[in-house]
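Each chain, letter by letter, is given below.
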Amino acid sequence: MSFAATVLTLYPEIFPGPLGISLAGRALAEGTWSLGTVQIRDFARDRHRSVDDTPAGGGAGMVLRADVLAAAIDNAAVDGPPHRPILAMTPRGACLTQSRIRMLASGPGVIVLCGRFEGIDERLFEARGIEQVSIGDYVLSGGEVGALVLLDACVRLLPGVMGAASSGDDESFERGLLEYPHYTRPVEWEGRTIPEVLRSGDHAKIAGWRQAQAEIDTRSRRPDLWARHSGARVQPPSGARHEKDE
Ligand code: SAM
């Protein structure tokens, strides 16, 4: 059974975009996964095809209507394989992680709702059992780029997409660490040489060096990951102070 993705968007022409080339594009052409888009506007109820309205309580911008989105979601749910999780892209959601991506990639597929404007009527999430997900602590102009990120991360994990040689098991986040650094020829470039151990041919020594580098880099670059990995308490970065400390 292939992984079936359906994206609900006001801009279906964005897809497949980068997912139509390279590994994901080949897998799409081979039927390892499928991608459908739904134009949210097709589910509008008035002759102006409105999908949004002004925010309750006032304020700038427009909010995507729950009734229109629910109709689009219900249609997508009956139109594809059963039991696909429904995800909405929103900066208010839980940040996507490699482990969540692995779980999604091992399932039947996903229905992904892309927001626009100020966002989505909150009542929709509970009413349709929607998981709210974010791709990071910054604000995009729409959920489509986030959906591309989510699908790219899932598709490369599908069986056969990366090829037998690369299972992805060694990569950043898989074992709670960042990956070790990589080098390739030439051995010397602009006065910098590849670490001697990587040229030694001693596989045990190389594995030890890589593990040590992964730990050093995770500790210095991502103290949050390191704390989780090592079970240590997270130390706020030096100099960082909370507002209430001011
Ligand atoms: N008013 C919203 C807020 O402050 O939380 C931001 C709305 S944003 C301009 C429009 C849409 O972009 C959102 O509904 C969401 O679909 C998408 N979006 C923006 N940032 C995102 C992020 N970090 N992760 C996932 N989706 C995001």
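Participant: Explain the site of the ligand to me, and be specific about the residues and the numbers.
Facilitator: Surveying the vicinity of the ligand reveals 18 residues, the closest of which are M89, G115, E118, Y138 and L140. Note that an oxygen atom of the ligand is positioned 2.9 Å from one of the backbone N or O atoms of G115. G142 places a polar main-chain atom, nitrogen or oxygen, 3.4 Å from an oxygen atom of the ligand. With the chains in place, 83% of the 580 Å² that the ligand exposes on its own is no longer accessible. Broken down by secondary-structure element, the contributors of at least two residues to the shell around the ligand are β5 (86-95) and β8 (131-134). Ranked by residues supplied to the shell around the ligand, first place goes to β5 with three residues.

Participant: Describe the environment of H229, listing the residues and the values that go with them.
Facilitator: Inspection of the secondary structure assignment puts H229 in helix α7 (residues 223-230). A C-alpha to C-alpha distance of 9.5 Å links H229 and E215, two positions 14 residues apart in sequence.

Participant: Explain α7 residue by residue, including any values.
Facilitator: Buried residues of α7: L225, W226 and A227, and no others. In this fold, the buried residues of α7 make contact with α6 (203-221). Positive phi shows up at G231, right after α7, with a value of about 75 degrees.

Participant: So what's going on with the confidence of the model for the protein? Which residues, and what values?
Facilitator: Confidence along the protein averages 93 in pLDDT terms, with 92% of residues attaining 70 or more. Contacts for the low-pLDDT stretch residues 239-246, under 50 throughout, to residues beyond four places or in other chains number one contact.

Participant: Which residues make up the packing of α6 against α7, and what values go with them?
Facilitator: Contact geometry of α6 with α7 gives a least axis separation of 5 Å together with a crossing angle of 125 degrees. Classified by the interaxial angle, the pair formed by α6 and α7 is oblique. From α6, E215, T218, R219, S220 and R221 reach across to α7, where they touch P223, L225 and W226. The residue makeup of the contact of α6 with α7, split by class, is three nonpolar, two polar and three charged.

Participant: Give me the lowdown on the sheet that holds strand β4 (residues 63-64), citing residues and values where you can.
Facilitator: Spatially, three strands are ordered β3-β4-β7 in an open sheet, and the strand pairing comes out mixed. With one partner strand each, in any of the chains shown, β3 (52-53) and β7 (119-120) form the two edges of the open sheet.

Participant: Provide a residue-level description of the state of the cysteines, including the pertinent values.
Facilitator: Scanning the entire structure with this criterion turns up zero disulfides. Between C95, a free cysteine, and C154, which holds the nearest cysteine sulfur, the sulfur-to-sulfur gap is 15 Å. When its relative accessible area of 43% is taken as the criterion, C95 is described as partly exposed. Of all cysteine sulfurs, the one in C154 lies closest to C114, which takes part in no disulfide; the gap is 14 Å.

Participant: Outline helix α5 (residues 144-155), listing residues and values.
Facilitator: Here α5 is 12 residues long and its end C-alpha atoms lie 16 Å apart, about the 16 Å a rise of 1.5 Å per residue gives. Burial analysis of α5 places nine of its 12 residues in the buried class, the great majority of the element. Those residues of α5 not exposed but buried are E144, G146, A147, L148, L150, L151, A153, C154 and V155.

Participant: Please provide a residue-by-residue account of the sheet that holds strand β6 (residues 109-114), values included.
Facilitator: If you walk across this open sheet you meet the five strands as β2-β1-β6-β5-β8, and the pairing is parallel. Because the sheet does not close on itself, it has two edges, and the strands there are β2 (33-39) and β8. Taking each pair of neighbouring strands and ignoring which way they run, the sheet shows an average axis angle of 35 degrees. Sheet topology note: the strand β1 (residues 3-9)/β2 ladder contains seven bridges and is parallel. Its bridge partner lying in β2, T9 is registered against Q39.

Participant: Describe the nonpolar core, with residues and values.
Facilitator: Counting residues in each nonpolar core, the largest one holds 28 residues, and the members touching the most others are F3, W33, V110, L150, L151, V155 and L158. For this core, the elements supplying multiple residues, two or more each, are β1, α1 (22-30), β5, α3 (98-105), β6 and α5. Examining the composition of this core, we find that seven residues originate from one element, α5, more than from any other. When neighbours within four sequence positions are excluded, L158 is seen to be in contact with F3, T32, W33 and A105.

Participant: So what's going on with the side chain of T90? Residues and values would help.
Facilitator: Within the secondary structure layout, T90 lies in strand β5. Reaching out from T90, the side chain makes a polar contact with the backbone nitrogen of R92 at a distance of 2.9 Å. Contacts of T90, omitting those with residues within four sequence positions, involve Q132, V133 and S134.

What counts, and at which threshold
- Residues numbered from 1 in each chain as written.
- Predicted model: local features only at pLDDT ≥ 70, side-chain atom pairs only at ≥ 80, totals over all residues.
- Heavy atoms only, no water.
- Near = heavy atom within 4 Å.
- Polar contact = N/O pair within 3.5 Å; in protein donor to acceptor, adjacent residues only side chain to side chain.
- Areas by Shrake-Rupley, 256 points an atom, 1.4 Å probe, with all protein chains shown as cover.
- Helix = DSSP H or I, 4+ residues; strand = E, 2+ residues; numbered from the N terminus.
- Buried < 20%, exposed > 50% of the residue type's maximum accessible area, 1.4 Å probe, protein only.
- Contact = heavy atoms within 4.5 Å.
- pLDDT = per-residue confidence, 0-100.
- Axes fitted to C-alpha atoms, helices over the stretch in contact; angles between N-to-C directions.
- Parallel < 35°, antiparallel > 145°, perpendicular 65-115°, else oblique.
- Nonpolar A, V, L, I, M, F, W, Y, C, P; charged D, E, K, R; others polar.
- Pairing = 2+ DSSP bridges.
- Disulfide = S-S within 2.5 Å.
- Expected span 1.5 Å × (residues − 1).
- Core = buried A, V, L, I, M, F, W, Y, C linked by side-chain atoms within 4.5 Å.

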